[in-house]
Amino acid sequence: MSMSHHHHHHHQEAEGGDRRMVLAIIVNVGLTFAQIVGGIFSGSLSLIADALHNFSDAASLAIAAYARRIARRPSNAAMTFGYVRAEVVAALINYTTLIVIGLYLVYEAVMRFITPEPVEGWIVVGVAVVALVIDLATAFLTYAMSKESMNIRAAFVHNVADALGSVGVIVAGTLILLYDWQIVDPIVTLAIALYILWQAFAEIGGSIRMLMLGTPSGIDVPQLIDRLSGIDGVVDIHHVHVFAIDEQLTAMEAHVVLAASHGAQTELVKARLKALASQEFGIGHSTLEFASGEACCQGEDASIVGHPIRGSSGERHLKTGHLH
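Residues numbered from 1 in each chain as written. Predicted model: local features only at pLDDT ≥ 70, side-chain atom pairs only at ≥ 80, totals over all residues. Heavy atoms only, no water.

Asker: Would you mind showing me how to read the packing of aromatic side chains here?
Answerer: The relation between two aromatic rings is expressed through the spacing of the ring centres and the mutual angle of the planes. If you walk through the whole model with that rule in mind, you get three aromatic pairs. Ring geometry for Tyr 143 versus Phe 156: centroids 5.7 Å apart, planes at 50°, classification tilted. Remark: Phe 156 occurs in helix α5 (residues 150-179) and Tyr 143 occurs in helix α4 (residues 122-146); sequence separation between them is 13 residues. Look at Tyr 143 and you get partly exposed, because its relative accessible area is 43%. A centroid spacing of 6.1 Å and a plane angle of 50° characterise the contact between Tyr 195 and Trp 198, whose relative ring orientation is tilted. Pair noted here: Tyr 195 and Trp 198 are both in helix α6 (residues 184-211), with a separation of three residues, about one helical turn. The ring of Tyr 83 is capped by Arg 73, whose NZ or CZ atom sits 5.7 Å from the centre of that ring. (Phe/Tyr/Trp six-rings, centres within 6.5 Å; stacked < 30°, edge-to-face > 60°. Helix = DSSP H or I, 4+ residues; strand = E, 2+ residues; numbered from the N terminus. Buried < 20%, exposed > 50% of the residue type's maximum accessible area, 1.4 Å probe, protein only. Lys NZ or Arg CZ within 6 Å of the ring centre and 35° of its normal.)

Asker: Which parts of the structure should I look at to understand α5?
Answerer: Each full turn of the α-helix corresponds to 3.6 residues, which orients residues three or four apart in the same direction. For α5, with 30 residues, the first-to-last C-alpha span of 42 Å sits near the 44 Å given by 1.5 Å per residue. One side-chain oxygen of the residue at the start of α5 lies 3.2 Å from the amide nitrogen of Asn 151, identifying that residue as Ser 149. Positive phi appears at Asp 180, one or two residues downstream of α5, with a value of about 60°. (Expected span 1.5 Å × (residues − 1). Polar contact = N/O pair within 3.5 Å; in protein donor to acceptor, adjacent residues only side chain to side chain.)

Asker: In this structure, what is going on with the pairing of strand β3 (residues 285-292)? I would like to understand it.
Answerer: Looking along a regular strand, one sees side chains alternate from face to face of the sheet. Bridge analysis of strand β2 (residues 250-258) against β3 gives eight bridges, and the strand direction is parallel. For Ala 254, the partnering residue across the bridge sits in β3 and is Leu 288. (Pairing = 2+ DSSP bridges.)

Asker: Is there a simple way to explain the packing of α4 against α5 in this structure?
Answerer: Helices that pack against each other are described as a pair by the angle of their axes relative to one another and the distance between those axes. As a packed pair, α4 and α5 sit with axes 8 Å apart at the nearest point and diverge in direction by 155°. It follows from the interaxial angle that α4 and α5 lie roughly antiparallel. For α4 against α5, the interelement crossing comes out left-handed. (Axes fitted to C-alpha atoms, helices over the stretch in contact; angles between N-to-C directions. Parallel < 35°, antiparallel > 145°, perpendicular 65-115°, else oblique. Left-handed = near helix turned anticlockwise from the far one by under 90°.)

Asker: Before we go on, may I ask you to explain the pattern of salt bridges in this structure?
Answerer: Side chains that carry opposite charge are capable of pairing whenever their charged atoms lie near each other. Summed over all chains, the structure comprises four salt bridges. The closest approach of N and O atoms between Glu 247 and Arg 153, which form a salt bridge, is 3.3 Å. Residue Glu 247 is found in the loop between β1 (234-244) and β2, and its partner Arg 153 is found in helix α5; the two are separated by 94 residues along the sequence. The salt bridge partner of Glu 267 is Lys 270, with a shortest N-O separation of 3.5 Å. Residue Glu 267 and its partner Lys 270 are both found in helix α8 (residues 266-281); the two are separated by three residues, about one turn of the helix. The network of salt bridges with shared partners includes Arg 153, Glu 203 and Glu 247. (Salt bridge = Lys/Arg side-chain N within 4 Å of Asp/Glu carboxyl O.)

Here is the structure:
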């Protein structure tokens, strides 16, 4: 496949994804207005409150879609890494709002245990059925993209949480209307809230780790250093940094000390080091600084992992036992 054809195919996929995101936003905004109308006609404040919750889903989709477009901008002098992490920032925002929503639902459930509120009628259940259909349609539109992007995955989790909320309203509303089991409503609400919080806390760590330049979870840095140090001609490796530029690309930088006898073979050793890092650890971009014999890092603390960090109380050094 030629480079231009591959680029064209990728561009078509990106545009197709954008169209699905826009469609998902439109149907969610439409659902919000439908829920508000239903809430007014049924006299249900809870339905209007759910409409505002659904509007937060539309907002999360809008944030995800906008970040997706920003991420495709090319790098420049001001943003030399490009804008790919816009999607990571969007994911962090969306997971944070999910946590806020989850905590609010816990509060609502507890309050309904204390002061139960009756469901206002079949119209509430009917609107919940419509909401469930739209939430499932939105999840269908975003599911494929959610596998490759934590940004879209955050918006997808928003919609799954909303779909569960709709199921909860349908089940609880039906049981209350048929059997007057008022206690079902706060029980279902609490279960949904706990699910939302579990999902959000399970996923938010990945975005925080990436923004903090943390080592991707699948890479064992001591093992990486051990394998790289075993390359013929390598005397020492230090100042190692391993971080994710985005979800698809992991990078590494390090200082490499060569034996004096291998000083003329720098390019060969570099190629071997990069190949090992790529094939065994999935590191797609390596920046290596070479020195020979005693010429490296004189007067420096050659920390194995990271660089010395100057703080208010002097310098502290990242050693092998303090991996980040």
